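Examining the three-dimensional arrangement
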Amino acid sequence: MPRRISILGATGSIGQNTLDLVRRNVAAYDVVALTGAGNIAQLAADAIEMRAKIAVTARPDLLEDLRDALKGSDVEAAAGADAVVEAASRPADWIMSAIVGAAGLAPGFAALAQGCTLALANKESLVCAGQLLLETAHTHGATILPVDSEHSAIFQALVGEDITAVERIIITASGGAFRDWPLDKLAQATLDQASSHPNWDMGQRITIDSASMFNKAMEVIETREFFGVDPDQIEVLVHPQSMVHALVGFRDGGLMAHVGPPDMRHAIGYALHHPHRAHLPVERLDLAAIGQLDFSTPDGARWPALRLAREVMGAGGLMGAVFNAAKETALDGFIAGQINFTQMAEVVEDTMTQLDRQPGYIDVSMTLDNVHKVDHLAREAAKAAIDKRAG
Ligand code: NDP
Ligand code: MG
């Protein structure tokens, strides 16, 4: 029996890498839903090729374009945020959650509610609502498998291990585009410069987040939420080659490292075939040719986002949702040219401080409604912080 799968965010970098793996053994899968947003041509072409039941764009204004692009095929078309959620709730065995940003939350929860295996690339779900996400999976008998490369690496290093024997978890960071830049030049970094990653080929937003280390800050929080370890058990190590993705340190002093090429098809493939290991089309590392792997401690002055992640974990409650919304808004501000590269962290910190002072926002119960409310308030506060700097 083919496995029923859906891909949320199919037109993005993770989505396309997932389809690359599916395409190699297409008879094994029955594609239920593919979703995207602006890239209608890709969405329609993939939906037709994969004989998907439904293709959904998150943008209602593009429904007619999608219908036109699907003309002559049996693929159903739908549009809008609710339609993405509806597609996510269509019965499937395995669903890839690869929408970028907080927009990925509601579809991910809908997928879990039908008890599927959720391959989770959308780290924002864990940062904004980690506890609720795990509880929802538990309630519905669903399984979450991490797709972020560091978290897949930790997950793999923990197979057969007892989590209580874990002393520390180390996630690595390449250091992004500006690892070696003089500190006083960072404020002048352009959008083009921030949008190129030395090792990984990813979507633009996560690439810029890698340069600012906001991506790693999100991943520290993601580690805490997913694996349930204390914040002080999580360390970040700069590793320019991006080959050691994470290390798990046990109480006997042993470290299990996960080593592999910087290719997301490994983590995606691991989640797709779990609990089995299948042949994957990724490079086999020649360690003798590589010769050397480097590690260093991250510079707090260069990457204030890492300190902010510690503050988020210290505050608890809905501070993760504030952090993510402020980060997404600050990133929009940088992309639009309203603020410079280093002002992104200032905007996030201002927003966290402001919402922390207002009782009843951060410490309300974690429901999806409250997460959305806090997300909205944080975006408003972050926009005001951007306007203050832009004006
Ligand atoms: P991309 O920007 O490449 O793709 C994002 C996907 O989400 C696209 O399909 C896009 O549609 C869709 N999308 C955008 N906005 C919305 C919206 N409002 N509602 C519904 N769908 C929307 O992102 P990535 O693939 O790089 O990242 C996806 C997720 O995976 C992120 O959470 C990221 O942090 C995480 N991740 C990514 C890694 C990577 O290597 N890329 C590594 C680890 C984690 P369209 O393109 O049609 O507009
Ligand atoms: Mg990662």
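Anything mentioned here points back to the structure above.
My aim in this report is to walk through the structure given alongside it, one point at a time. Keep in mind that this is a model prediction, so the values were computed, not measured.

Rules behind the numbers
Residues numbered from 1 in each chain as written. Chains lettered and ligands numbered in written order. Predicted model: local features only at pLDDT ≥ 70, side-chain atom pairs only at ≥ 80, totals over all residues. Heavy atoms only, no water. Helix = DSSP H or I, 4+ residues; strand = E, 2+ residues; numbered from the N terminus. Rg over C-alpha atoms; globule rule 2.2 N^0.38 Å. Buried < 20%, exposed > 50% of the residue type's maximum accessible area, 1.4 Å probe, protein only. Contact = heavy atoms within 4.5 Å. Areas by Shrake-Rupley, 256 points an atom, 1.4 Å probe, with all protein chains shown as cover. Lys, Arg positive; Asp, Glu negative; His and termini not counted. Charge placed at Lys NZ, Arg CZ, Asp CG, Glu CD. Phe/Tyr/Trp six-rings, centres within 6.5 Å; stacked < 30°, edge-to-face > 60°. Salt bridge = Lys/Arg side-chain N within 4 Å of Asp/Glu carboxyl O. Donors = N, O, S within 2.8 Å, 3.2 Å for Na, K, Ca; no water. Pairing = 2+ DSSP bridges. Axes fitted to C-alpha atoms, helices over the stretch in contact; angles between N-to-C directions. 1 Å grid on protein atoms, 1.4 Å probe; cavity = no way out; pocket = protein on both sides within 12 Å on 5 of 7 lines; lining within 4 Å. Points joined across faces, edges and corners; volume = space filled by probe spheres on them. Nonpolar A, V, L, I, M, F, W, Y, C, P; charged D, E, K, R; others polar. Core = buried A, V, L, I, M, F, W, Y, C linked by side-chain atoms within 4.5 Å. Near = heavy atom within 4 Å. Polar contact = N/O pair within 3.5 Å; in protein donor to acceptor, adjacent residues only side chain to side chain.

1. Quick notes on the overall build of the chain
Scanning the chain for helices and strands turns up 16 helices and eleven strands. Computed over its C-alpha atoms, the radius of gyration of the chain comes to 20 Å, within 12% of the 21 Å expected for a compact globule of 391 residues. In terms of principal-axis extent, the alpha carbons of the chain reach across some 55 × 55 × 40 Å. For the chain, the residues scored as buried account for 53% of the 391 residues in total. Taking as baseline every contact in the chain between residues at least 6 positions apart, the subset at least 24 positions apart corresponds to 67%. With an accessible surface of roughly 16400 Å², the chain has 51% of that area assigned to carbon and sulfur atoms. Averaging the locations of the 31 positively and 49 negatively charged side chains of the chain gives two centres separated by 2 Å.

2. A closer look at the packing of aromatic side chains
Where two aromatic rings form a pair, the distance of their centres and the angle of their planes describe that pair. Counting across every chain of the model gives six aromatic pairs. Ring centres of phenylalanine 214 and phenylalanine 323 lie 5.7 Å apart, and the angle between their planes is 45°; this geometry places the pair in the tilted category. On the criterion of sequence distance, the pair formed by phenylalanine 214 in helix H10 (residues 214-227) and phenylalanine 323 in helix H14 (residues 319-335) is long-range, its members being 109 residues apart. Comparing phenylalanine 214 with phenylalanine 323 shows no difference in burial state: the two are buried.

3. Quick look at unusual backbone geometry
Here the amide bond leading from histidine 274 into proline 275 is cis, since omega sits at 10°, within 30 degrees of zero. Positive phi values are uncommon outside glycine, yet methionine 213 reaches one of about 70°. Although it is not a glycine, serine 242 adopts a positive phi angle of roughly 50°. Inspection of the secondary structure puts serine 242 in the loop between strand S9 (234-238) and strand S10 (244-250).

4. Topic: the pattern of salt bridges
In this structure the tally under the stated criterion is 28 salt bridges. Linking glutamate 346 and arginine 389 is a salt bridge whose minimum nitrogen-to-oxygen distance equals 2.9 Å. Of this pair, glutamate 346 sits in helix H15 (residues 343-357) while arginine 389 sits in helix H16 (residues 368-390), placing them 43 residues apart in sequence. Salt bridges sharing common partners tie together Lys123, Asp148, Glu150, Lys216 and Glu219.

5. So, the coordination of the magnesium ion (ligand 2)
For the magnesium ion (ligand 2), the full set of protein donor atoms is Asp148 (OD), Glu150 (OE) and Glu219 (OE), at a range of 2.1 to 2.2 Å. Each donor residue of the magnesium ion (ligand 2) lies on one chain, and together they are spaced D-x1-E-x68-E. Both residues of the pair, aspartate 148 and glutamate 150, belong to the buried class.

6. Considering the sheet that holds strand S6 (residues 117-120)
Here seven strands make up an open sheet; going across it, the order is S4-S3-S2-S1-S5-S6-S7 and the pairing parallel. Every other strand in the sheet has two partners, leaving strand S4 (76-79) and strand S7 (143-146) as the edge strands with one partner each. Going from strand to strand, the sheet's axes swing by 20° on average, the running direction of each strand aside. Strand direction decides the pairing type here: strand S1 (residues 3-8) and strand S5 (residues 94-97), joined by four bridges, are parallel. Residue pairing across strands places serine 6 opposite isoleucine 95, the latter belonging to S5. Packed onto the sheet, helix H5 (residues 105-113) meets S1, S5, S6 and S7 and runs at close to 155° relative to S6. Each of S1, strand S2 (29-36), S5, S6 and S7 is contacted by helix H11 (residues 264-273), which is oriented at about 155° to S5, the strand it contacts most.

7. With respect to empty space enclosed by the protein
To find the voids left in a structure, one rolls a probe of water-molecule size over its atoms. Using the criterion set out here, one finds one cavity of 30 Å³ or more in the structure. Looking at the largest cavity, its volume works out to about 70 Å³. Every residue lining the largest cavity is listed: Ser149, Trp200, His245, His258, Gly260, Pro261, Asp263, Met264, His266 and Ala267. With three residues, the single largest contributor to the lining of the largest cavity is H11. Across the lining of the largest cavity, the residue classes break down as four nonpolar, five polar and one charged.

8. As for the nonpolar core
Of all hydrophobic cores here, the largest spans 133 residues; its most connected members are Leu34, Met96, Phe323, Phe341 and Met344. It is H14 that provides the largest number of residues to this core, a total of nine residues. Those residues in contact with methionine 96, other than ones at most four positions away along the chain, are Ser6, Ile7, Leu8, Ile14, Thr18, Ala119, Ala121, Val147 and Ile268.

9. Topic: the site of ligand 1
Residues in contact with ligand 1 amount to 24 residues; listed here are only the nearest, Thr11, Ser13, Ala37, Gly38 and Glu124. Residue asparagine 39 places a main-chain N or O atom 2.9 Å away from an oxygen atom belonging to ligand 1. Every element with two or more residues in the shell around ligand 1 is listed here: helix H1 (13-23) and helix H6 (123-139). Grouping the constituent residues of the shell around ligand 1 by class yields twelve nonpolar, nine polar and three charged.

Distances and angles like these do not, on their own, reveal function.
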